[in-house]
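# Architecture at a glance
Residues per chain are reported as follows:
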Amino acid sequence: MEELLFDVADRVATITLNRPDALNALTIGLKDELLAMLVQVSNDPAVRAVVLTGAGRAFCAGQDLHERLKPDAVPLDEEIRERYNPIILAMRHLDRPIIGAINGIAAGAGASIAFACDVRIAAENASFLLAFGRIGLVPDSGATWFLPRLVGSAKATELALLGEPMSASDAARIGLVAKVVPADSVVAEARAIAARLADMAPQAVALTKWALQASWTTSLEEQLEMEAQLQGIAGATADHAEGIAAFVDKRPPRFTGE
Ligand code: T3D
C-alpha cells in the first residue's frame, strides 16, 4: 500500500498520509515521501493550494514508535534535524497555502505538522495532543515555536506540559482551527477553502504568507518596510492590473499568476 497519496484537481493538490492502521504514524519512508512531495508541489505551477490530511480515523500520531524501538534506529536529534525539520521548513517556505484537513487526532509531530499548516479545518472528532511528555520527550518539529504564536503562551504551556488532548471545539474556540465540520466533510471543506485560494492572485497569496510568517520575528519598523517592498512587487504584477480592471468592469478577476 502506498504510504502517501497525492492528487491534483482544479489546481488544488491533496496530500494524504496513508498508514491508517498505525494512525498515520511517521516512518522514515513516509517522512521522506512527504518532503519529496512538498518539493514536487513547490515546483508545479499547476498547483495553487495544498490540502494535507490523513487516511482513516487519525490525522497523524507523530513518530512511529515501533520504528524508534529498532536497534538501528537513527538517533533522535539526527532524525529531527534530517527529516522533521526539513518537512516543517518546506511547509512554511512553500509559496502556496497549505490547508490542514485535520480528520482525527493529531499527536506528537503530527500535531506539529498540523500547526505548520496555514489554515486548519477540523473534523468534529479531531483533537490535538502534545504527546511528547508522555514518553519523556520534549515537543519538537516546531511545536514550541508555533503553539505560543498560535494560541498564546499560557495555553501553549498548558498543552505542552500537561499533554492533555484538546478537542476540535476547544481548538476552534481559541482560534487554532478555523472551522469544525462533520468528519465526512472535512476534506471537502478544506478543498473548498483551497479552491477559493487557488482563484486568488498567486503572487499576492505567496507574499501574504511570507509577510505573516516574517512578522513573527521582525519589529514593526522592519515589517512596515517589508510590506512596502512586497506591495511594490505585487503592484507590478499583471494580476494586480487584472484585479483593478475586474473591479472597474464589475466582473470576477481571472488571475494568471503573472
Ligand atoms: O523519535 C523521533 O524520531 C523523534 C521525533 C519525535 C516526534 C514525535 O512525534 S514523539 C510522539 C510520538 N507519538 C506518540 O507518542 C503518540 C502515540 N500514540 C498514542 O498515544 C495513541 O495511539 C493516540 C492517543 C494517538 C490514539 O490512541 P487510540 O487509543 O485512539 O489508538 P491506539 O489503539 O493507541 O492506536 C491504534 C493503532 O495505531 C495501534 O496499533 P495496533 O495495536 O492496532 O496494531 C497503535 O500501536 C498504532 N499507533 C498509534 N500511534 C502510533 C502507532 N504506531 C506507531 N507509532 C505511533 N506513534
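What counts as what
Residues numbered from 1 in each chain as written. Predicted model: local features only at pLDDT ≥ 70, side-chain atom pairs only at ≥ 80, totals over all residues. Heavy atoms only, no water. Pairing = 2+ DSSP bridges. Helix = DSSP H or I, 4+ residues; strand = E, 2+ residues; numbered from the N terminus. Axes fitted to C-alpha atoms, helices over the stretch in contact; angles between N-to-C directions. Contact = heavy atoms within 4.5 Å. Domains from an automatic or database assignment. Buried area = accessible area lost by both parts, 1.4 Å probe. Salt bridge = Lys/Arg side-chain N within 4 Å of Asp/Glu carboxyl O. Polar contact = N/O pair within 3.5 Å; in protein donor to acceptor, adjacent residues only side chain to side chain. Near = heavy atom within 4 Å.

## Here we look at the sheet that holds strand β1 (residues 4–9)
Strand order in this open sheet of six strands is β1-β2-β3-β5-β7-β10, and the pairing throughout is mixed. Looking at which strands have only one partner, the edges of the open sheet turn out to be β1 and β10 (179–181). When strand polarity is set aside, the average angle formed by the axes of neighbouring strands in this sheet is 20 degrees. Here strand β2 (residues 12–17) runs beside strand β3 (residues 49–54); their pairing, made up of six bridges, is parallel. From the neighbouring strand, Ile-15 faces β3, where its bridge partner is Leu-52. Sheet strands in contact with helix α1 (residues 28–42) are β1, β2, β3 and β5 (98–102), and its direction is about 20 degrees off that of β1.

## As for the side chain of Lys-31
Locating Lys-31 in the fold gives a position in helix α1. Not counting chain neighbours up to four residues away, the residues in contact with Lys-31 comprise Leu-26, Gln-63, Glu-67, Glu-79, Arg-83, Tyr-84 and Ile-87.

## What about the domain arrangement of the protein?
Annotation of the protein at the domain level lists domain 1 (4–198) and domain 2 (202–249). Centre-to-centre separation of domain 1 and domain 2, based on C-alpha positions: 27 Å. Interface area, domain 1 with domain 2, both sides summed: about 900 Å², of which 65% is carbon and sulfur. By the criterion of area lost to domain 2, the three top residues of domain 1 are Arg-92, Trp-145 and Arg-149, representing 48% of everything that side buries. Linking domain 1 with domain 2 are one salt bridge. Close ionic contact of Asp-118 with Lys-209 constitutes a salt bridge, the shortest N to O distance being 3.0 Å. Where domain 1 meets domain 2, there are five residue pairs in polar contact (both at pLDDT 80 or more). Those elements that place two or more of their residues in the side of domain 1 that touches domain 2 are α3 (76–93) and α5 (143–151).

## Some details on the site of the ligand
Surrounding the ligand, one finds 23 residues, the nearest of these being Arg-57, Gln-63, Leu-65, Arg-68 and Ala-109. Interatomic distance of 3.4 Å between a backbone N/O atom of Asp-21 and an oxygen atom of the ligand. The side chain of Arg-57 places a nitrogen or oxygen atom 2.8 Å from an oxygen atom of the ligand. Secondary-structure elements contributing two or more residues to the shell around the ligand are α2 (65–68) and α3.

## Some remarks on the sheet that holds strand β8 (residues 127–129)
What the four strands build is an open sheet, ordered β4-β6-β8-β9; its pairing is mixed. Looking at strand neighbours, the two that pair on one side only are β4 (58–60) and β9 (166–167), the edges of this open sheet. Here three bridges tie strand β6 (residues 105–107) to β8, and the two strands are oriented parallel to one another. Note that in β8 the partner of Ala-106 across the bridge is Phe-128. Each of β4, β6 and β8 is contacted by helix α4 (residues 109–116), which is oriented at about 105 degrees to β6, the strand it contacts most.

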